[in-house]
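Below are the chains, spelled out letter by letter.
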Amino acid sequence: MSEPCQVDFYVLQDESLSAELLACRLALMAWQQGHRIMVVTENEAAMDRLDALMWEQPQGRFLPHVKKQHGTAPVLISRLEQLQDEDAEVVINLTRNTVPAPGRFRRLLELVPAGEAQRQASRDKFREYRQQGLNPDSHTINRN
């Protein structure tokens, strides 16, 4: 890939804001721009919740998605350890862990819930991406 991965942290300012709802909105925007998207979650239960949410959100819109093990679609939902190079151009990370070798993707979107434990994990991820030579940016989200 000729350009470095663009890493963006979306920092939710209120605990009532949903990282999963924001993931749906960001996935829709990336899909409308013609990208393949992978949304990575902590575990199977989180994959199931996100799958159900993507059938309803964003309201009034269709977001073509599937859990990775069930086929292919422009938006795949997976666990982090299932992420492969060919899966996506845009990765939306809902986990507390960094995405391995992020430079293989065009964009990496890190969603940061308002809870302190998640914030600390995100600070660590921010530092780790910087150590890998990337230049993360951050965006404050005040409402979904």
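In this report, we go over the structure that sits alongside the text.

1. Considerations on the sheet that holds strand β7 (residues 137–141)
Thinking step 1. Strand order in the open sheet formed by seven strands is β3-β4-β2-β5-β6-β1-β7, and the pairing between neighbours is parallel. Strands with a single pairing partner mark the edges of an open sheet, and in this sheet they are β3 (65–67) and β7. When strand polarity is set aside, the average angle formed by the axes of neighbouring strands in this sheet is 20 degrees.
Thinking step 2. Note: strand β2 (residues 37–41) against strand β4 (residues 75–79), five bridges, orientation parallel. What sits directly across from V39, in β4, is I77.
Thinking step 3. Across the sheet, helix α1 (residues 19–32) is in contact with β1 (6–12), β2, β4, β5 (90–93), β6 (107–112) and β7; its angle to β6 comes to roughly 160 degrees.
Thinking step 4. Sheet strands in contact with helix α2 (residues 44–56) are β2, β3 and β4, and its direction is about 160 degrees off that of β4.

2. Focus: unusual backbone geometry
Thinking step 1. With a phi angle near 45 degrees, A101 is a residue other than glycine that sits in the positive phi range.
Thinking step 2. Among the secondary structure elements, A101 is positioned in the loop between β5 and β6.

3. Some remarks on the pattern of salt bridges
Thinking step 1. Tallied over the full model, the rule gives seven salt bridges.
Thinking step 2. Among the ionic pairs, K67 bridges to D48, the shortest N-O distance being 2.4 Å. Pair noted here: K67 is in strand β3 and D48 is in helix α2, with a separation of 19 residues, a long-range link.
Thinking step 3. Classification of K67 by relative accessible area gives buried; the value is 14%.
Thinking step 4. Owing to a relative accessible area of 39%, D48 belongs among the partly exposed residues under this scheme.
Thinking step 5. Close ionic contact of R127 with D124 constitutes a salt bridge, the shortest N to O distance being 2.5 Å. With R127 and D124 both in helix α3 (residues 116–131) and three residues apart, the pair spans about one turn of that helix.
Thinking step 6. Look at R127 and you get partly exposed, because its relative accessible area is 44%.
Thinking step 7. A relative accessible area of 38% places D124 in the partly exposed class.
Thinking step 8. Overlapping salt bridges, with partners in common, bring together E44, R79 and E81 in one network.

4. Details of α3
Thinking step 1. When the terminal C-alpha atoms of α3 are compared, their 23 Å separation across 16 residues agrees well with the 22 Å that a helix rising 1.5 Å per residue should span.
Thinking step 2. Regarding α3, the residues found buried are R119, A121, S122, K125 and Y129. Relative to the axis of α3, the buried residues are bounded by an arc of 160 degrees and lie together on one face. Turned more than 90 degrees away from the buried face of α3 sit E116 and Q131, all of them exposed.
Thinking step 3. As for α3, its buried residues are in contact with β1, β5 and β6.
Thinking step 4. Just downstream of α3 lies G133, where phi reads positive at about 90 degrees.

Quick notes on the rules
Residues numbered from 1 in each chain as written. Predicted model: local features only at pLDDT ≥ 70, side-chain atom pairs only at ≥ 80, totals over all residues. Heavy atoms only, no water. Pairing = 2+ DSSP bridges. Helix = DSSP H or I, 4+ residues; strand = E, 2+ residues; numbered from the N terminus. Axes fitted to C-alpha atoms, helices over the stretch in contact; angles between N-to-C directions. Contact = heavy atoms within 4.5 Å. Salt bridge = Lys/Arg side-chain N within 4 Å of Asp/Glu carboxyl O. Buried < 20%, exposed > 50% of the residue type's maximum accessible area, 1.4 Å probe, protein only. Expected span 1.5 Å × (residues − 1). Arc of directions from axis to C-beta.

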